[in-house]
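# Breakdown of the fold
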Amino acid sequence: MRSAHHVGRRDFLKRASLGVAAVASVPGMVRATSPVPQLQVACVGVDGMGWSDLSRVGSHPAVKFVGFCDIDSQRFAKADDAFPGVRHFADYREMLSDLGQRIDAVIVSTPDHMHAPVAMEAMRMGKHIYCQKPLTHTVWESRQMRLLAQQQDLTTQMGNQIHSAKEYRSAVQLIQKGVIGKVQEVHSWVRVQGRQYCQRTDRPPAAEVPANVNWDLWLGAAPKRPFAADVYHPFKWRDWQDFGSGALGDFGCHLLDPVFGALGIRQPSGVIAEHAGTNDEVWPGPQTVTFTFPGTKYTAGDEIKLVWRDGGLRPPLDLAQMPAGTEFPPSGSLLIGQLGTMVLPHVGMPRLYPGERFAALQYPEVEARNHWHDWVDAIIQGKKTTAGFEYAGPLSETVQLGNIAARLPGKKLQWDDERFAFVNQTQADKLLSKVYRDGFGVEPVV
Ligand SMILES: NC(=O)c1ccc[n+]([C@@H]2O[C@H](COP(=O)([O-])OP(=O)(O)OC[C@H]3O[C@@H](n4cnc5c(N)ncnc54)[C@H](O)[C@@H]3O)[C@@H](O)[C@H]2O)c1
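Described in the following lines is the structure provided in the data block. Quick caveat, the model's predicted, so the values are computed rather than measured.

A few words on the overall build of the protein. Each helix and strand in the protein was counted, giving twelve helices and 15 strands. The C-alpha radius of gyration computed for the protein amounts to 22 Å, which stays within 12% of the reference 22 Å derived for 446 residues, consistent with globular compactness. Considering only C-alpha atoms, the protein reaches an extent of 65 × 55 × 40 Å along its principal axes. By residue count, 59% of the 446 residues in the protein fall in the buried class. Here the analysis covers contacts within the protein between residues at least 6 apart in sequence; of these, 71% occur between residues at least 24 apart.

Structure representation (structure tokens):
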């Protein structure tokens, strides 16, 4: 059988011979214009989160947009109003090829299945990348993104912006100061479930593609399927395995971020998912995914258990040692330490229990950072960010390892990170990557 990587390679060579992949700007280069340096940025996906990203990045005085790319001609309006005169493209490959060295950096805010095809091509051309979460659609892609960013010495940032918020930064500091002692166990949960938005488990009948949408480009790397209205584009693609990453992929890179940041965990050694079943089309309903990680200096024991729940499932209330009648926030994390517990609401200040033990505790003075400007500043200064692909790669690999477990519920999977393979689980190994449609492949980093 032809591997996913070979399908992509043929494409890559074809495009390279046309000069697309051969154009390279100097990594780290920023235009030395006076009085401030100028960073020329192109955006792929300019509405939805793409609008949020480009408006925040564009508020930095050094940023000049040179290309807006979107497969939907009706989705440029906000970007055009705020930043008039920027050239439009429907196909990111054309934009990268046409603008070539005029681009220093690229924002990737497409649905998940297109993050890696876009970002990898841009990184091969030496472009710095801001890429939405989850970093990629598969475990293998996350690994390649990390390796290529490192090889090209690029400044990258994943779009898990809460990483820079005061709340999550405070939690990381409190844990690392040892306020609740070494951490013994973690539970994270989110209100939404894997198939949340279309309430479907099967493909709908084909519908006519609206004139404003380029459906072939929207599908990109994914296998062809007919267009249907209000099911995939925009936003609802999240429910579908071919395009999105379920609740764990959607929220894991937010909720698990302060856990990763505080504990210094990286790749898990084991994972198992439990849910009531799904098919090959959509992500499951409410599920519990239990990860095991090797211990670190912030954890107690050789291993630490991290339990993810979605779709309204919560950990047992008594684990938190909260006062009677106190409920968990709708989404958040519970870190159980040797000296007490931390309940960290999703975008809320950490709460420590039992309350009387921490009544006199002075919270550290922590400032919020601007996640988008930090990326721009780091490029200009030739530095790295705090949620670059070196950090975001393993975090995204973890959520996508959880998604492999979700597709094989009840199977206890052991992960051998050095071999980049599961232990004796060839069925799970096959889900580490995917086959790309010709024209949208992702090349391995060699
Ligand atoms: N960080 C956050 O808090 C946050 C919040 C929402 C979404 N996201 C992430 O942002 C990404 C986009 O999500 P969304 O909710 O904005 O989706 P969306 O479908 O609402 O918007 C995606 C935009 O990209 C365009 N697009 C789709 N495919 C494209 C392609 N191949 N080339 C160019 N443009 C393309 C769409 O037309 C649309 O304008 C996802 O990865 C999602 O996980 C992050």
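What follows continues from the structure just given.
Taken together, nine strands build an open sheet; the order of strands is β13-β12-β11-β7-β10-β9-β8-β14-β15 and the sheet is mixed. Looking at strand neighbours, the two that pair on one side only are β13 (351-353) and β15 (421-422), the edges of this open sheet. In the sheet, strand β8 (residues 270-275) pairs with strand β9 (residues 287-294) via six bridges, with the strands oriented antiparallel. Residue pairing for β9: V271 is matched across the bridge by F291. Set on the sheet, helix α11 (residues 389-407) makes contact with β8, β9, β14 (413-416) and β15; between it and β8 the angle comes to about 50 degrees.

Okay, the pattern of salt bridges next. Taken as a whole, this structure holds 20 salt bridges when the rule is applied. Note that R143 and E397 form a salt bridge whose closest N and O atoms lie 2.6 Å from each other. Taken together, the residues span a long stretch of sequence, with R143 in helix α6 (residues 139-152) and E397 in helix α11 at a distance of 254 residues. On the accessibility criterion, R143 (11% relative accessible area) is buried. Relative accessible area serves as the criterion here: at 0%, E397 is assigned to the buried category. A salt bridge links D242 to R225, with the shortest nitrogen-to-oxygen separation between them at 2.9 Å. Of this pair, D242 sits in the loop between α8 (215-219) and α9 (246-263) while R225 sits in the loop between α8 and α9; the two residues are 17 residues apart in sequence, bridging distant segments of the chain. When its relative accessible area of 23% is taken as the criterion, D242 is described as partly exposed. When salt bridges with common partners are traced through the structure, they connect R203, R225, D242 and E281 into a single cluster.

It is worth spelling out the state of the cysteines at this point. As enumerated under the stated definition, the model contains zero disulfides in all. Here C43 is not disulfide-linked; the sulfur of C69 is the nearest cysteine sulfur, at 9.6 Å. Residue class for C43 comes out buried when judged on its relative accessible area of 1%. C253 supplies the cysteine sulfur nearest to C131, a cysteine that is in no disulfide, at a spacing of 10 Å.

Residues in contact with the ligand amount to 28 residues; listed here are only the nearest, M49, D70, R75, D112 and H115. At 2.9 Å from an oxygen atom of the ligand is found a main-chain nitrogen or oxygen belonging to F235. The separation between an oxygen atom of the ligand and a polar side-chain atom of R238 is 2.9 Å. If the ligand stood free it would expose 850 Å²; the protein chains cover 93% of that surface. In terms of residue class, the shell around the ligand is built from ten nonpolar, ten polar and eight charged.

Moving on to the sheet that holds strand β4 (residues 105-108). Taken in spatial order, the six strands of this open sheet run β3-β2-β1-β4-β5-β6, and their pairing is parallel. Only two strands of the sheet have a single partner each, and these edge strands are β3 (87-89) and β6 (156-158). Neighbouring strand axes in the sheet, compared pairwise and without regard to direction, differ in orientation by 20 degrees on average. Bridge count between strand β1 (residues 39-44) and strand β2 (residues 63-69): six bridges; the pairing is parallel. Across the sheet, the residue bridging to V44 is C69, located in β2. Sheet strands touched by helix α2 (residues 49-58): β1, β2, β4 and β5 (128-131). Its angle to β2, the strand with the most contacts, is close to 160 degrees.

The rules we used
Residues numbered from 1 in each chain as written. Predicted model: local features only at pLDDT ≥ 70, side-chain atom pairs only at ≥ 80, totals over all residues. Heavy atoms only, no water. Helix = DSSP H or I, 4+ residues; strand = E, 2+ residues; numbered from the N terminus. Rg over C-alpha atoms; globule rule 2.2 N^0.38 Å. Buried < 20%, exposed > 50% of the residue type's maximum accessible area, 1.4 Å probe, protein only. Contact = heavy atoms within 4.5 Å. Pairing = 2+ DSSP bridges. Axes fitted to C-alpha atoms, helices over the stretch in contact; angles between N-to-C directions. Salt bridge = Lys/Arg side-chain N within 4 Å of Asp/Glu carboxyl O. Disulfide = S-S within 2.5 Å. Near = heavy atom within 4 Å. Polar contact = N/O pair within 3.5 Å; in protein donor to acceptor, adjacent residues only side chain to side chain. Areas by Shrake-Rupley, 256 points an atom, 1.4 Å probe, with all protein chains shown as cover. Nonpolar A, V, L, I, M, F, W, Y, C, P; charged D, E, K, R; others polar.

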